[in-house]
Amino acid sequence: MLEGDGVFGEVLPTVLDVIVERLPYTLALLIPSITLSNYIAYKLGVEMGYRRGSRGDIAMLAISNFMRATPYFWLALVFLYIFSVQLGVFPLYGAISPGKEFPSLEWFIDYLWHYTVPFLVLVVRGVFTFMLYVRNSVIDILGEDFVSVARAKGLPEKAVKSAYVARNAMLPMITVMGLRYAFIIDGAILTETVFSYPGTGRLVFEAIINRDFWLLQGVVLILSISVVLANLVVDLLYAILDPRVRSSR
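A cluster of nonpolar side chains, namely Tyr81, Ile82, Val85, Leu87, Val89, Leu92 and Tyr93, defines an oily patch on the protein surface of about 700 Å² accessible area. Its location among the elements puts Ile82 in helix 3 (residues 72-86). Accessibility expressed as a relative area gives 38% for Ile82, which makes it partly exposed.

Quick look at the packing of aromatic side chains now. Scanning the model with the defined rule gives 9 aromatic pairs in all. For the ring pair Tyr115 and Phe119, a centre distance of 5.4 Å and an interplane angle of 20° mean the geometry is stacked. Here the residue Tyr115 and the residue Phe119 both occupy positions in helix 4 (residues 105-142), the gap between them amounting to 4 residues, near one helical turn. Classification of Phe119 as buried rests on a relative accessible area of 16%. With centroids separated by 5.8 Å and ring planes inclined at 25°, the aromatic side chains of Phe130 and Tyr133 adopt a geometry described as stacked. Linking Phe130 with Tyr133, this pair stays in helix 4, spanning 3 residues, or about one helical turn. Residue Phe130 is classed as buried on the basis of its relative accessible area, which comes to 13%. Here Arg68 stacks its cationic end above the ring of Tyr133, 5.8 Å away from the centre of that ring. When the ring centre of Tyr50 is taken as origin, the NZ or CZ atom of Lys161, which lies over that ring, is 5.2 Å away.

Along helix 8 (residues 200-209), the residues classified as buried are Thr200, Gly201, Leu203, Val204 and Ala207. The buried residues of helix 8 occupy one face: seen down the axis, they fall within an arc of 160°. With its phi angle positive at about 55°, Arg211 sits one or two positions after the end of helix 8.

Our next topic: the pattern of salt bridges. Evaluation of the coordinates by the stated rule reveals 6 salt bridges. Measuring nitrogen to oxygen at the nearest pair gives 2.8 Å for the salt bridge that ties Glu157 to Arg151. Residue classification places Glu157 among the partly exposed residues on the basis of a relative accessible area of 36%. Accessibility expressed as a relative area gives 38% for Arg151, which makes it partly exposed. One salt-bridge network, in which partners are shared between bridges, spans Arg22, Arg202 and Glu206.

The interhelical angle for the contact between helix 4 and helix 6 (residues 157-182), taken along N-to-C directions, is 140°, at an axis separation of 9 Å. Viewed along their axes, helix 4 and helix 6 form a crossing whose handedness is right-handed. Listed contacts from helix 6 to Gly126, Phe130, Tyr133, Val134, Ser137, Val138, Ile141 and Leu142 of helix 4 are Tyr164, Val165, Asn168, Ala169, Pro172, Met173, Val176 and Arg180. For the contact of helix 4 with helix 6, the per-class residue count stands at 12 nonpolar, 3 polar and 1 charged.

As a further point, take the nonpolar core. Within the largest apolar cluster, 43 residues are counted, with the highest numbers of intra-cluster contacts made by Val134, Val138, Val165, Phe195 and Tyr197. Within the residue set of this core, elements represented by two or more residues are helix 1 (8-50), helix 3, helix 4, helix 5 (145-152) and helix 6. Looking at this core, the element that brings in the most residues is helix 4, giving 17 residues. Not counting chain neighbours up to four residues away, the residues in contact with Val165 comprise Tyr50, Val138, Ile141, Leu142, Val147 and Val160. One finds Val204, Trp214, Val219 and Leu223 within the second-largest nonpolar core, a separate group that totals 10 residues.

The rules behind each value
- Residues numbered from 1 in each chain as written.
- Predicted model: local features only at pLDDT ≥ 70, side-chain atom pairs only at ≥ 80, totals over all residues.
- Heavy atoms only, no water.
- Patch = residues over 30% accessible without salt bridge, like charges linked within 9 Å, V, L, I, M, F, W, Y side chains within 5 Å.
- Areas by Shrake-Rupley, 256 points an atom, 1.4 Å probe, with all protein chains shown as cover.
- Salt bridge = Lys/Arg side-chain N within 4 Å of Asp/Glu carboxyl O.
- Helix = DSSP H or I, 4+ residues; strand = E, 2+ residues; numbered from the N terminus.
- Buried < 20%, exposed > 50% of the residue type's maximum accessible area, 1.4 Å probe, protein only.
- Phe/Tyr/Trp six-rings, centres within 6.5 Å; stacked < 30°, edge-to-face > 60°.
- Lys NZ or Arg CZ within 6 Å of the ring centre and 35° of its normal.
- Arc of directions from axis to C-beta.
- Axes fitted to C-alpha atoms, helices over the stretch in contact; angles between N-to-C directions.
- Left-handed = near helix turned anticlockwise from the far one by under 90°.
- Contact = heavy atoms within 4.5 Å.
- Nonpolar A, V, L, I, M, F, W, Y, C, P; charged D, E, K, R; others polar.
- Core = buried A, V, L, I, M, F, W, Y, C linked by side-chain atoms within 4.5 Å.

In structure tokens, the structure reads:
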């Protein structure tokens, strides 16, 4: 537990050292899982929007609504029970087995062995949570006038789908992805706690349990900065991808 004499500036370097020590584990877990889950959610969402009302769409809606209502820690426990307890394929906790030295191929393989199940939990939960945003956006876009005009011009449906519908459906996903990356410093608190994964999410949980207010303040400070920067990047991307934003300036 970090201790301070009331002057946050004197404690901040120590807080940052603790966060920086844990941050690489969280970045290695969350950046690939967020990127992959958003990509899959985007692709599936576009297809669901185009095939709305079909059996596949209804089935995916049911699964998505179930997964959206499923807490991360419950899904993590289910994956842990199946893959680690019943099948015994992956370890129960941690990121590295004792005695593994970094850097080495043996260390990297062992890390991937511990990494797989938490990564799958975050990807599966992210896909089924965020593809509904894309689906609903696609359904709205299909009713827009510019889509009807593009079809009236005789453009192939594949071109309409890629150039008009899918591209515009990307905009809400940029906002969602920006916010997910903004809160990356927070880590996957519940998932990291279930798997005892030594990331910043686990660090935040430990700080709360130990009432380490200095550490929590440091995390909140860095989190606030990351949210501001992420919003700035999202605004710049909107200006690049959406001509309406550029024309309004």
